[in-house]
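Commentary on secondary and tertiary structure
Now for the letters of each chain:
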Amino acid sequence: MIVSHFYPNGSVVEAKNNYLTLLELEKNGFDVDVCTFENKKMYPKNVKHLVPKKTKFFSNKNMYYSFLRKKIHFAPLTLEFSYVKDFLEVLNGSDMLQYSFVYTVFGNGSEHIVGMKLKEKYGHLKHIAEFRDPWIHNEIAKKYFYDYNFKFYANFKWKQLRDIQNNLMSKLDLLLVESNMHGEKLRQDFNYNKDILFCNGYSNLFNEEVIDLNIDFLSNPVIGFIGYTYYGYDDVIATFLEVLEELESDGVSFTFISVGDNHFSRLASSSKLKNFYAFSKVSYPKALSFMKKIDIGLALILESYSHNINSKIFEYMQNKKFTIAIAPKDGEMDKILKENATGMLLSYDKNKMKEELRLLLQSEVNFKLNDNQIQKYNRSNIFKPIVDTIKSL
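To keep things clear, this report deals only with the structure shown in the data block.

The helix and strand tally for the chain stands at 15 helices and 13 strands. Burial statistics for the chain: of 393 residues in total, 56% are counted as buried. A separation of at least 24 residues holds for 70% of the contacts in the chain among residues at least 6 apart in sequence. By element, 50% of the accessible surface of the chain is carried by carbon and sulfur atoms, the whole surface being about 18200 Å².

The following block contains the structure:
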């Protein structure tokens, strides 16, 4: 039984991840059910066919709370508007004896608590938790939470979160993480001595929906930011845009496009860039279509976030695009990009970034990746040790 708030959705990365997980498990002989969130708006026409007949829906009973939270800028952890009762109401009404394991997916979310409670109630169940975010090590969520709450309250809730995670990890049968460095951090901080497996990667499944865009850009190479930014990234974005402005002024040839993120596009539009084109929110197939048109993909992460990954690098890999990442030196993203020369790191310092990018754009580098460079991170390969471990539980 896969338990996740998101499944499937054409524009939410976690939802696509969950659908691909289901396919990998079924391909390896598992019969999988899904318990997810019922919200018709989350199912665009282009992915509605992905919802399996066995999906069990539950209703959100906290809509008014969520609306009020947004209006007053209250920034709770995911646990604060918990769906635990809603999940359990559905799952306790199911014949849980037919399932051998529960597979829960989220960052610091209710789903993992649901898995823990189900394992406590039904002793035969094995609990597999996939941490889609670094949970207690999520610097972005922590900054957002502390910025919008009183410090005494933030301290209290962060400690509560740590206690919950500690309790959860003491009962897990298998932990899956987006980043190997995050896995090591969890071992150190929580004295976790069971299996931790890496579960991040790319799939070509959604490439079937790509359309041919009749667009050509005059200046090459084409650098693209495709996706969304997170809280706290404005300074990093501003530095990158200033570097592009100066390089363009120096006569360096390139085109820069932004697809999907209105906030990023507004920041770039207010710059002095001439060869910049903004494309606002688009469907996931169209976003992939734009990705086909770029030569270089841009990925961002905060400097203190060395143990985490911006999963956008795997979508660039999927489309065989070279990645430039503003990310910590010797961090997880740096390691992955260096491993098979699928991209390069840019410094956070403006002057260093400018020279690094100048050398790249004026070089003879072939920005098109080949299969050998990316094969390791194909989800089918990533899931082989995961499947073998689940079968051994």
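A cis amide bond links N220 with the next residue in sequence, P221, at an omega value of 0°. On the secondary structure map, P221 appears in the loop between strand 7 (196-198) and strand 8 (222-226). One non-glycine residue, N191, lies in positive phi territory at about 55°. Tracing the sequence through the fold places N191 in the loop between helix 7 (180-190) and strand 7. On the basis of relative accessible area, N191 is assigned to the exposed category, the value being 68%. Backbone geometry places D330, a non-glycine residue, at a positive phi of 70°. Tracing the backbone shows D330 in the loop between strand 12 (322-326) and helix 12 (332-339).

In an α-helix, one full turn covers 3.6 residues, which means residues spaced three or four apart are oriented alike. Taking 1.5 Å per residue, 16 residues should reach 22 Å; helix 8 (residues 234-249) reaches 22 Å between its end C-alpha atoms and fits that length. Buried residues of helix 8: V236, I237, T239, F240, L241, V243, L244, L247 and E248, and no others. Phi turns positive one or two residues past the end of helix 8, at G251, with a value near 95°.

The 6 strands lie next to each other as 10-9-8-11-12-13, forming an open sheet whose pairing is parallel. Looking along the sheet, the strands with just one partner apiece sit at the ends: strand 10 (276-279) and strand 13 (343-346). Adjacent strand axes in the sheet meet at a mean angle of 25°, parallel and antiparallel pairs treated alike. Summarising the sheet, strand 9 (residues 255-259) and strand 10 pair through 4 bridges and their orientation is parallel. Each bridged residue has a counterpart across the sheet, and for V259 the counterpart in strand 10 is F279.

On to the packing of aromatic side chains, then. Taken as a whole and assessed by the stated rule, the structure comprises 12 aromatic pairs. Seen from their ring centres, F217 and Y277 are 5.6 Å apart, and the 45° between their planes marks the pair as tilted. Of this pair, F217 sits in the loop between strand 7 and strand 8 while Y277 is found in strand 10, placing the two residues 60 residues apart along the sequence. Judged by relative accessible area, Y277 falls into the partly exposed class, the value being 36%.

The next subject is the pairing of strand 8. With 5 of 5 residues buried, strand 8 lies mostly within the body of the structure. Burial along strand 8 is two-sided: the residues V222, G224 and I226 and I223 and F225 are all buried. Looking at chain direction, strand 8 and strand 9 are connected through 5 bridges and run parallel. Its bridge partner lying in strand 9, I223 is registered against F256. Taken together, strand 8, helix 8 and strand 9 form a β-α-β motif whose crossover is right-handed.

Moving on: the nonpolar core. In terms of nonpolar packing, the biggest core is built from 86 residues, with F240, F256, I324 and L357 touching the most fellow members. Core analysis: the second largest hydrophobic core is formed by 34 residues, M1, V3, F87 and L175 among them.

Let's shift gears to a nonpolar patch on the surface. A cluster of nonpolar side chains, contributed by Y144, Y148 and Y231, occupies part of the molecular surface with about 260 Å² of accessible area. Relative to the elements of secondary structure, Y231 occurs in the loop between strand 8 and helix 8. According to the relative accessible area criterion, Y231 is partly exposed, its value standing at 30%.

Following the criterion strictly, the structure yields 17 salt bridges and no others. Residues K159 and D163 are paired through a salt bridge, measuring 3.0 Å at the closest nitrogen-oxygen approach. Here the residue K159 and the residue D163 both occupy positions in helix 6 (residues 151-169), the gap between them amounting to 4 residues, near one helical turn. Residue K159 is classed as exposed on the basis of its relative accessible area of 55%. The partner of R358 in a salt bridge is D250, with the nearest N and O atoms 3.0 Å apart. Residue R358 is found in helix 13 (residues 350-361), and its partner D250 is found in the loop between helix 8 and strand 9; the two are separated by 108 residues along the sequence. For D250, a relative accessible area of 43% puts it in the partly exposed group. Residues joined in a network through salt bridges with shared partners are E242, E246, D250, K350, K354, E355 and R358.

Let us now look at the pairing of strand 9. By the criterion of burial, strand 9 is predominantly enclosed, with 5 of the 5 residues buried. By the alternation rule, side chains of strand 9 split into T255, I257 and V259 and F256 and S258, which are all buried. A crossover connection joins strand 9 to the parallel strand 10 through helix 9 (residues 262-269); in handedness this β-α-β unit is right-handed.

How each quantity is defined
- Residues numbered from 1 in each chain as written.
- Predicted model: local features only at pLDDT ≥ 70, side-chain atom pairs only at ≥ 80, totals over all residues.
- Heavy atoms only, no water.
- Helix = DSSP H or I, 4+ residues; strand = E, 2+ residues; numbered from the N terminus.
- Buried < 20%, exposed > 50% of the residue type's maximum accessible area, 1.4 Å probe, protein only.
- Contact = heavy atoms within 4.5 Å.
- Areas by Shrake-Rupley, 256 points an atom, 1.4 Å probe, with all protein chains shown as cover.
- Expected span 1.5 Å × (residues − 1).
- Pairing = 2+ DSSP bridges.
- Axes fitted to C-alpha atoms, helices over the stretch in contact; angles between N-to-C directions.
- Phe/Tyr/Trp six-rings, centres within 6.5 Å; stacked < 30°, edge-to-face > 60°.
- Right-handed = clockwise from strand over helix to strand, strands pointing away.
- Core = buried A, V, L, I, M, F, W, Y, C linked by side-chain atoms within 4.5 Å.
- Patch = residues over 30% accessible without salt bridge, like charges linked within 9 Å, V, L, I, M, F, W, Y side chains within 5 Å.
- Salt bridge = Lys/Arg side-chain N within 4 Å of Asp/Glu carboxyl O.

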